[in-house]
Amino acid sequence: MKHLAAYLLLGLGGNASPSAADIKAVLESVGIEADDERLEKLLSELEGKDINQLIAEGSSKLASVPSGGAGGAVAAGGAAAGGAAAEAPKEEEKKEEEKEESDEDMGFGLFD
């Protein structure tokens, strides 16, 4: 992933066809050692291809992947219930507060 990120950064900077040396230079500038085998594999797979077209194709594939969950069903059920819809957000807020408090019970937090 780091090799692809460096490749894309170089592309944004105006280098339409970055070389292995270019990518290594970007990675080394931030203290990351490049993996030659993965770098060569990436470059061989991207050779002769337009990165913008690959990104567009990937985005269209991701758009067809179902995502989400039961959130839509809950919202539809709440709308049908009428008055119960107003109570649902309060319950969610209480659950979120309880989750936050449970971190405190453990004696440490994520950013301590």
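Bear in mind the structure is a predicted one, so any value in this text is a computation, not a measurement.

**Quick notes on the overall build of the protein chain**
Next up, step 1: The helix and strand tally for the protein chain stands at six helices and zero strands.
Next up, step 2: With 112 residues in all, the protein chain has 12% of them scored as buried.
Next up, step 3: As displayed, the protein chain has an accessible area near 9000 Å², and 55% of this comes from carbon and sulfur atoms.

**Details of the pattern of salt bridges**
Next up, step 1: In this structure the tally under the stated criterion is three salt bridges.
Next up, step 2: Here Arg38 and Asp35 are joined by a salt bridge, their closest N and O atoms 3.6 Å apart.
Next up, step 3: A relative accessible area of 59% places Arg38 in the exposed class.
Next up, step 4: Residue Lys41 is joined to Glu45 by a salt bridge in which the shortest nitrogen-to-oxygen separation is 3.1 Å. Of this pair, Lys41 and Glu45 both sit in helix H3 (residues 36–46), four residues apart, which is roughly one turn of the helix.
Next up, step 5: Take Lys41: its relative accessible area is 52%, and that puts it in the exposed class.
Next up, step 6: The exposure class of Glu45 is partly exposed, given its relative accessible area of 42%.

**Quick notes on the nonpolar core**
Next up, step 1: Ala6, Tyr7, Leu10, Ala20, Ile23, Leu27, Ala34, Leu39, Leu42, Leu43 and Leu46 together form the largest nonpolar core, which totals eleven residues.
Next up, step 2: Every element with two or more residues in this core is listed here: helix H1 (2–12), helix H2 (20–29) and H3.
Next up, step 3: Those residues in contact with Leu10, other than ones at most four positions away along the chain, are Asn15, Pro18, Asp22, Ile23 and Val26.

The rules behind the values
- Each residue is numbered by its place in its chain's sequence as written, counting from 1.
- Reporting of local features is limited, given that this is a predicted model, to residues whose pLDDT is at least 70; pairs of side-chain atoms are given and counted only at 80 or more, and all residues count toward the totals for whole chains, interfaces and linings.
- Water and hydrogen atoms play no part in the side-chain values, which are based on all heavy atoms of the structure.
- Where helices and strands are cited, they refer to DSSP runs of H or I of at least four residues and of E of at least two residues respectively, numbered from the N terminus.
- Three exposure classes are used, based on accessible area relative to the maximum for each residue type with a 1.4 Å probe and protein chains only: buried under 20%, partly exposed in between, and exposed over 50%.
- In short, Shrake-Rupley with a 1.4 Å probe defines the accessible areas, and a residue's cover is counted only from the protein chains shown.
- Salt bridges, as used here, are contacts in which a Lys or Arg side-chain nitrogen is within 4 Å of a carboxyl oxygen on Asp or Glu.
- Only buried residues count toward a nonpolar core. Its members are Ala, Val, Leu, Ile, Met, Phe, Trp, Tyr and Cys residues joined through side-chain atoms within 4.5 Å.
- For this analysis, residues touch if any pair of their heavy atoms sits within 4.5 Å.

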